[in-house]
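Coordinate analysis (summary)
Residues per chain, in single letters:
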Amino acid sequence: MSNFFQSQSILAHPFRPFFLLTGVYGVITVIAWMSFLFGGLSLPLGWSPVHWHSHEMLFGLIPLAIAGFLLTAVCNWTGAAPLHGKALLALITIWIAGRAAMWTASWWPVGIVAAVDLLFMPVMAIYMTRVLLQHGNKRNLPIAAILLLLSLANVMMHIGFITSDPQWLRRGELMALGLITLMMIVIGGRIFPLFTINWLRNQGIQIECVKSFAALDRAALIATLLLIATDFFIGTPWLTGVMALIAGALNALRLIGWSGWCTAREPLLWILHLGYGWIVVALLLKSAAAFNLAAPTAWQHALGVGAMGTLILGVMTRVALGHTGRTLTLPRFAIAIYVAITLAALARVLAALQLLDYRVGLLVAATGWSLAFATFTLIYWPILTRPRADGRPG
């Protein structure tokens, strides 16, 4: 099996298998969820379908995309050789084992299911920490710490399942949503304005329109951290609402400063600005929900389908091109990926806000999401499984 993958170049760099698995699993999980809701599908999950769906999105799908990006980025940060070959295959196997455990949870003792499912992110965090320390890169250690905290959120969900306590399940979900938001804000703030500046410079356009302010970046980060802490440890609705409003406003100011409208001719860039915009929408909806001005779940769907879905696809479509030695030009027909995920996000949020029929909204959202991830998989399969276009290793 390892020789087969290596012959296809898929084990040459972490982004290759993890991005492909993200595309495939993004389709599988949503089709399964819709089959639960409308098709009467029965699987030995053990968990309630609602919590299983939430868990597999937060701790099954999202970590795949995180692994593909971070294990690639850590090479750029440190100059270290990428995880590859049998070691990379071992990490993939750990993830697959976790998914198998969660899809057949009722067949096994709950402790075994939890142990197998919980293994992936700590192993990834330990590997990242070792590489960062070996190369003296302490600046990025907080990102490895976020992975460990995400693992703690997963522990909470398993405790909730084992004890049949919905509060533990809810706390795990909230903590995971907050931490993933934090990671998107940190990484987005680093790379989105930089990508925009580089593109504008290559186009011969003045780069002064892109503005980043260190004080604003710190304020947005601190406000998001305080929101996570307030939401998790205090839980007072009005305080959560105020913090979400502040975090949303500060992140909106960041986004405006990056001048995403200047990239309207480049889909690989405007999709990143659009994805970050969904973070702002989610934070503002969270604030509105705290004051009973919006449906309580609308912000979660703006964050999950809108921000996470859009940014996962936006980053994967760009990184896969750049790191396989190809020009940063969106492949033919790939714009459909962005159209489909945007349609999915709009439909899901409108359904949550009761501005669209619930059943219609879910079907449109699921169809758009599935088409986006399936189209990514089909178009990028040859890119991710073949050697680099420039002949270099990786």
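Structure first, text after, so check above.
Residues numbered from 1 in each chain as written. Predicted model: local features only at pLDDT ≥ 70, side-chain atom pairs only at ≥ 80, totals over all residues. Heavy atoms only, no water.

**Structural notes on the overall build of the protein**
To keep it simple, the criterion reads: Strands are runs of DSSP state E lasting at least 2 residues, helices are runs of H or I lasting at least 4, and numbering of each runs from the N terminus. For the radius of gyration, the atoms used are the C-alpha atoms, and the globule rule reads 2.2 Å times the number of residues raised to 0.38. Buried residues are those whose accessible area, probed at 1.4 Å on protein chains only, stays under 20% of the maximum for their type, while exposed residues exceed 50% and partly exposed ones sit between those limits. Contacts: residue pairs with any heavy atoms within 4.5 Å of one another. Reported accessibility uses the Shrake-Rupley method at a 1.4 Å probe radius. Residues are deemed covered only where the shown protein chains occlude them. Note that His is not counted, nor are the chain ends; the positive residues are Lys and Arg, and the negative ones are Asp and Glu. Charged side chains are reduced to one point each, which is NZ for Lys, CZ for Arg, CG for Asp and CD for Glu.
Helix and strand counts for the protein stand at 14 helices and zero strands. For a compact globule of 394 residues, the expected C-alpha radius of gyration is about 21 Å, and the protein comes in at 20 Å, within 12% of that figure. With the principal axes as the frame, the protein shows a C-alpha extent of 55 × 50 × 45 Å. Going through the 394 residues of the protein one by one, you find that 56% of them count as buried. Excluding contacts between residues fewer than 6 apart, the proportion of contacts in the protein whose partners are at least 24 apart in sequence is 77%. Element-wise, carbon and sulfur atoms account for 70% of the exposed surface of the protein, whose accessible area totals about 16700 Å². When the 23 basic and 10 acidic side-chain charges of the protein are each reduced to a single mean position, those positions are 10 Å apart.

**Section: the nonpolar core**
Applicable threshold: To define a nonpolar core, start from buried Ala, Val, Leu, Ile, Met, Phe, Trp, Tyr and Cys residues and group those joined through side-chain atoms within 4.5 Å.
Counting 137 residues, the largest nonpolar core has Phe18, Leu70, Leu71, Trp369 and Tyr380 as its most contacted members. In terms of residue count, helix α8 (residues 166-202) provides more of this core than any other element does, 17 residues in total. In this structure Trp369 touches Gly26, Val30, Met57, Leu61, Gly304, Val305, Gly309, Ala340, Ile341 and Ala344, once residues within four positions along its chain are discounted.

**Some thoughts on the pattern of salt bridges**
We count it as follows: By salt bridge we mean one thing: a side-chain nitrogen of Lys or Arg within 4 Å of a carboxyl oxygen of Asp or Glu.
Counted by the stated rule, this structure contains six salt bridges. Measuring nitrogen to oxygen at the nearest pair gives 2.9 Å for the salt bridge that ties Asp217 to Arg254. With Asp217 in helix α9 (residues 214-234) and Arg254 in helix α10 (residues 237-257), this pair connects stretches of sequence that are 37 residues apart. Connected through salt bridges with shared partners, the residues Glu56, Arg99 and Asp117 form a single ionic network.

**Focus: the packing of aromatic side chains**
To describe a pair of aromatic rings, you give the distance between the ring centres and the angle between the ring planes. Counted only if it meets this: Pairing of aromatic rings covers Phe, Tyr and Trp, the last counted by its six-membered ring, and requires centre-to-centre distances within 6.5 Å; plane angles under 30 degrees mean stacked, over 60 mean edge-to-face, and any other angle means tilted. Throughout this description, the term charge over a ring refers to an Arg CZ or Lys NZ atom that lies within 6 Å of the ring centre and within 35 degrees of the ring normal.
By the definition in use, this model includes 14 aromatic pairs. Among the aromatic side chains, those forming a connected cluster through ring pairs are Phe36, Trp52 and Trp103. Sitting over the face of the ring of Phe232, Arg171 holds its NZ or CZ atom 4.3 Å from the ring centroid.

**As for α8**
Note: α-helices contain 3.6 residues per turn, so residues at a spacing of three or four share the same orientation. Filter applied, for reference: By definition here, a helix of n residues has an expected span of 1.5 Å times n minus one. For a residue, the bend is simply the angle between two axes, fitted respectively to the seven-residue segment ending there and the seven-residue segment starting there. Counting of polar contacts relies on pairs of N or O atoms within 3.5 Å, with two restrictions inside protein: one atom must be capable of donating a hydrogen and the other of accepting it, and residues adjacent in sequence are counted only when both atoms are side-chain atoms.
The end-to-end C-alpha distance of α8, which contains 37 residues, comes to 52 Å, matching closely the 54 Å that a straight helix rising 1.5 Å per residue would cover. If you look at α8, its biggest bend is around 40 degrees, right at Gly188. Capping the start of α8, Asp165 holds a side-chain oxygen 2.9 Å from the backbone nitrogen of Gln167, two or three residues further along. Just past α8, the residue Gly204 takes up positive phi, approximately 75 degrees.

**A short note on empty space enclosed by the protein**
Cut-off, in case you're wondering: The method works on a 1 Å grid over the protein atoms by themselves. A cavity is a set of points holding a 1.4 Å probe that cannot get out, a pocket is an open set with protein on both sides within 12 Å along at least five of seven lines, and residues with an atom within 4 Å of a point line them. Grid points are joined across faces, edges and corners, and a volume is the space filled by probe spheres set on the points. Under the scheme applied here, ten amino acids are nonpolar (Ala, Val, Leu, Ile, Met, Phe, Trp, Tyr, Cys and Pro), four are charged (Asp, Glu, Lys and Arg), and all others, including Gly, are polar.
As enumerated under the stated definition, the model contains three cavities of 30 Å³ or more in all. Each pocket or cavity is described by its volume, and for the largest cavity that value is around 310 Å³. Surrounding the largest cavity, 18 residues form its lining, Ile66, Met184, Leu311, Ile312 and Val315 being those nearest its centre. Those elements that place two or more of their residues in the lining of the largest cavity are α3 (49-78), α8 and α12 (298-322). Ranked by the residues each element gives to the lining of the largest cavity, the list is headed by α8, at seven residues. Residue composition of the lining of the largest cavity, by class: 17 nonpolar, one polar and no charged. Of the volumes computed, that of the second largest cavity is approximately 160 Å³.

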